[in-house]
Amino acid sequence: MMKKVLITGGAGFIGSHVVRRFVNQYPNYHVFNLDALTYAGNLENLTDVNGASNYNFVKGDITDAEFIQDLFAQHDFTYVIHLAAESHVDRSISNPIAFVMTNVVGTVNLLNAAKHHWVDKFEGKRFYHVSTDEVYGALGETGMFTESTKYDPHSPYSASKASSDHFVRAYHDTYGLPVVISNCSNNYGSHHFPEKLIPLAIHNIRNNKPIPVYGKGENVRDWLWVEDHARAIDVILHKGKNGETYNIGGHNEWKNIDLIHLLCKIMDKKLVRAEGSSAQLITFVKDRAGHDLRYAIDATKLKEELGWVPSLQFEEGLEKTVDWYLNNQSWLDHVTSGAYQSYYQDQYEKR
Ligand code: NAD
Ligand code: DAU
């Protein structure tokens, strides 16, 4: 019997890497990719797996409770890997309610469907909730987030993700639903939508446009290669303990401004431009409201209990990422046409 795996948000950045990994690594699993194809969802992210015999795309919205119940009635899913979300902090500042709907209500709809359809058959099942380190709030100059760090979200995005994490734990504690949660740091790699810092900067450098750096560029993020995240999800799904949380991170902290300088250096080389020319595009702009100073993940538990460690050095990963964008300019052109233009204007041109 083939195991059926439901992956939500599989047409997005991380989800597409998770779908690709599961379709290719597990021919004995049938992967169902459920995605509403919002501005962030793109089936072009999955052209290489679209025709695979163990893969189906299902267009649907996780906020539609009836649709979700019907889907679970049609398919006896063994695993749910839930990534669908509104994921951009800046958008959460201008439109918080969309984040409540998808990230909170959508997650509860999925939990309800799993609870209803798996009832009395929890053995072997698993609901995997993919979350973020932002639920822990902001660090000062020192310290790291562990799995026992108290939740202290600051943005509407992180508040909605924190809320969804609490619901997942509540369904485990109250109904015995077999769940696992992971909280990961900032991902980077191919197919990343250019509203996020790294792909936005690559796109702007390529087009000789200003690189907007919030505040003084002093904020620190802990960057992880997206394929390492997908591998961690695979390991945790199969080997993680029921009801547990695992932090995932790259041990790779960068101040935004230092990261941008590294990126400019790589882009000068790739575009055969004079050294220093991309850095001239750096423009300091008004800071993000409630901007968390620093994130850093302590991933010791994942390493010691499940043997996962990141595989790629950042410089190498960033160069691979730049190569992907330069070799896939049509992907970037498609996602930056249309609605992206008005988003960019609202977000940056009045800043
Ligand atoms: P993304 O924005 O690139 O993709 C989100 C996907 O969800 C899109 O394909 C979109 O169409 C889909 N989606 C949105 N609303 C939906 C709805 N109502 N119903 C069905 N599908 C819907 O996001 P991402 O960066 O790939 O993040 C994926 C998950 O990982 C999110 O849960 C996010 O919180 C988490 N996460 C992201 C990062 C990161 O650095 N990007 C780090 C840690 C955790
Ligand atoms: O930490 C995990 C989180 O990482 C995920 O949960 C989120 O889904 C993901 O979007 C990401 O959140 P960030 O807010 O850290 O990512 P973003 O790429 O938006 O910003 C990274 C840093 O760069 C942050 O300090 C803000 C800054 N920044 C961002 C943009 C878009 C700029 O300076 N200029 C920009 O134009």
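About the thresholds
- Residues numbered from 1 in each chain as written.
- Chains lettered and ligands numbered in written order.
- Predicted model: local features only at pLDDT ≥ 70, side-chain atom pairs only at ≥ 80, totals over all residues.
- Heavy atoms only, no water.
- Helix = DSSP H or I, 4+ residues; strand = E, 2+ residues; numbered from the N terminus.
- Contact = heavy atoms within 4.5 Å.
- Buried < 20%, exposed > 50% of the residue type's maximum accessible area, 1.4 Å probe, protein only.
- Pairing = 2+ DSSP bridges.
- Expected span 1.5 Å × (residues − 1).
- Near = heavy atom within 4 Å.
- Polar contact = N/O pair within 3.5 Å; in protein donor to acceptor, adjacent residues only side chain to side chain.
- Nonpolar A, V, L, I, M, F, W, Y, C, P; charged D, E, K, R; others polar.
- Areas by Shrake-Rupley, 256 points an atom, 1.4 Å probe, with all protein chains shown as cover.
- Axes fitted to C-alpha atoms, helices over the stretch in contact; angles between N-to-C directions.
- Left-handed = near helix turned anticlockwise from the far one by under 90°.
- Patch = residues over 30% accessible without salt bridge, like charges linked within 9 Å, V, L, I, M, F, W, Y side chains within 5 Å.
- Salt bridge = Lys/Arg side-chain N within 4 Å of Asp/Glu carboxyl O.
- Core = buried A, V, L, I, M, F, W, Y, C linked by side-chain atoms within 4.5 Å.

## Some details on the environment of alanine 84
Among the structural elements, alanine 84 can be located in the loop between strand S4 (77-82) and helix H3 (89-94). Each C-alpha atom of the pair alanine 84 and leucine 262 lies 31 Å from the other, and the pair is 178 residues apart in sequence. Setting aside residues up to four positions removed in sequence, alanine 84 forms contacts with Thr8, Gly9, Ile62 and Thr102.

## Notes on the pairing of strand S11 (residues 245-248)
Strand residues, when the strand is regular, have side chains that alternate between the two faces of the sheet. Burial along S11 is two-sided: the residues Thr245 and Asn247 and Tyr246 and Ile248 are all buried. Here strand S6 (residues 179-184) pairs with S11 via four bridges, running parallel. The partner of isoleucine 181 across the bridge, within S11, is threonine 245.

## What to know about helix H7 (residues 226-239)
Here H7 contains 14 residues, and its C-alpha end-to-end distance of 20 Å stays within 8% of the 20 Å for a straight helix at 1.5 Å per residue. Across the 14 residues of H7, ten count as buried, placing the element largely inside the fold. Listed in full, the buried residues belonging to H7 are Val226, Asp228, His229, Ala230, Ala232, Ile233, Asp234, Val235, Ile236 and Leu237.

## Concerning the site of ligand 1
Around ligand 1 sit 28 residues, and of these Ile14, Asp35, Ser87, Tyr157 and Lys161 come closest. For ligand 1, an oxygen atom lies 3.0 Å from a polar atom in the backbone of threonine 38. The contact in question runs from a nitrogen atom of ligand 1 to an N or O atom on the side chain of threonine 102, over 3.0 Å. At the level of secondary structure, the elements contributing two or more residues to the shell around ligand 1 comprise helix H1 (13-25), strand S5 (126-132) and helix H5 (156-175). Of all the elements, S5 adds the most residues to the shell around ligand 1, at three residues. In the shell around ligand 1, the residues fall into 13 nonpolar, twelve polar and three charged.

## Examining the site of ligand 2
Contacts to ligand 2 come from 23 residues, most closely from Thr132, Asp133, Tyr157, Arg288 and Tyr348. Take leucine 197: an N or O atom from its main chain is 2.8 Å from an oxygen atom of ligand 2. One nitrogen or oxygen atom from the main chain of tyrosine 214 is found 2.8 Å from an oxygen atom belonging to ligand 2. For ligand 2, whose unbound accessible area comes to 680 Å², protein coverage reaches 94%.

## Some thoughts on helix H6 (residues 197-206)
The element H6 is largely enclosed, with a buried count of nine among its ten residues. Close packing links the buried residues of H6 with strand S7 (187-188), strand S8 (211-214), helix H8 (256-270), helix H10 (314-327), helix H11 (329-335) and helix H12 (339-349). Looking one or two residues past H6, asparagine 208 carries a phi angle of roughly 55 degrees, positive in sign.

## Some thoughts on the side chain of threonine 8
If you trace the backbone, threonine 8 turns up in strand S1 (residues 3-8). A distance of 3.0 Å separates a polar atom in the side chain of threonine 8 from the backbone nitrogen of alanine 84. Non-local contacts of threonine 8, meaning those with residues more than four positions away in its chain, are made with Leu34, Ile81, His82, Leu83, Ala84 and Leu110.

## Section: the packing of helix H2 (residues 65-74) against helix H4 (residues 96-118)
Remark: H2 packs on H4, axes separated minimally by 9 Å, with the N-to-C direction vectors making an angle of 35 degrees. In terms of crossing hand, the pair formed by H2 and H4 is right-handed. Where H2 approaches H4, its residues Ala65, Ile68, Gln69, Phe72 and Ala73 are matched on the opposing element by Asn109, Leu110, Asn112, Ala113, Ala114, His116 and His117. Considering only residue class, the contact of H2 with H4 consists of seven nonpolar, five polar and no charged.

## Description of a nonpolar patch on the surface
On the surface, Ile97, Val100, Met101 and Val105 cluster together into a nonpolar patch covering about 310 Å² of accessible area. You can see valine 105 is positioned in helix H4. For valine 105, a relative accessible area of 31% puts it in the partly exposed group.

## Observations regarding the sheet that holds S5
If you walk across this open sheet you meet the seven strands as S3-S2-S1-S4-S5-S6-S11, and the pairing is parallel. Pairing within the sheet leaves two strands with one partner each, and these edge strands are strand S3 (55-59) and S11. Between one strand axis and the next, the sheet turns through 20 degrees on average, direction left out of account. Lying on the sheet, H5 is in contact with S5, S6 and S11; it crosses S5 at an angle near 155 degrees. The sheet strands contacting H7 are strand S2 (29-35), S4, S5, S6 and S11, and the helix crosses S5 at an angle near 145 degrees.

## Description of the nonpolar core
Counting 37 residues, the largest nonpolar core has Ile198, Ile211, Ile260, Leu263 and Phe314 as the members making the most contacts within it. Those elements that provide at least two residues to this core are H6, S8, H8, strand S13 (282-285), H10, H11 and H12. In terms of residue count, the dominant contributor to this core is H8 (eight residues). Apart from the residues within four sequence positions on either side, isoleucine 260 is in contact with Leu197, Ala201, Ile211, Val213 and Ile282. In terms of nonpolar packing, the next biggest core, distinct from the first, is built from 34 residues, Ile7, Phe13, Ala232 and Ile233 among them.

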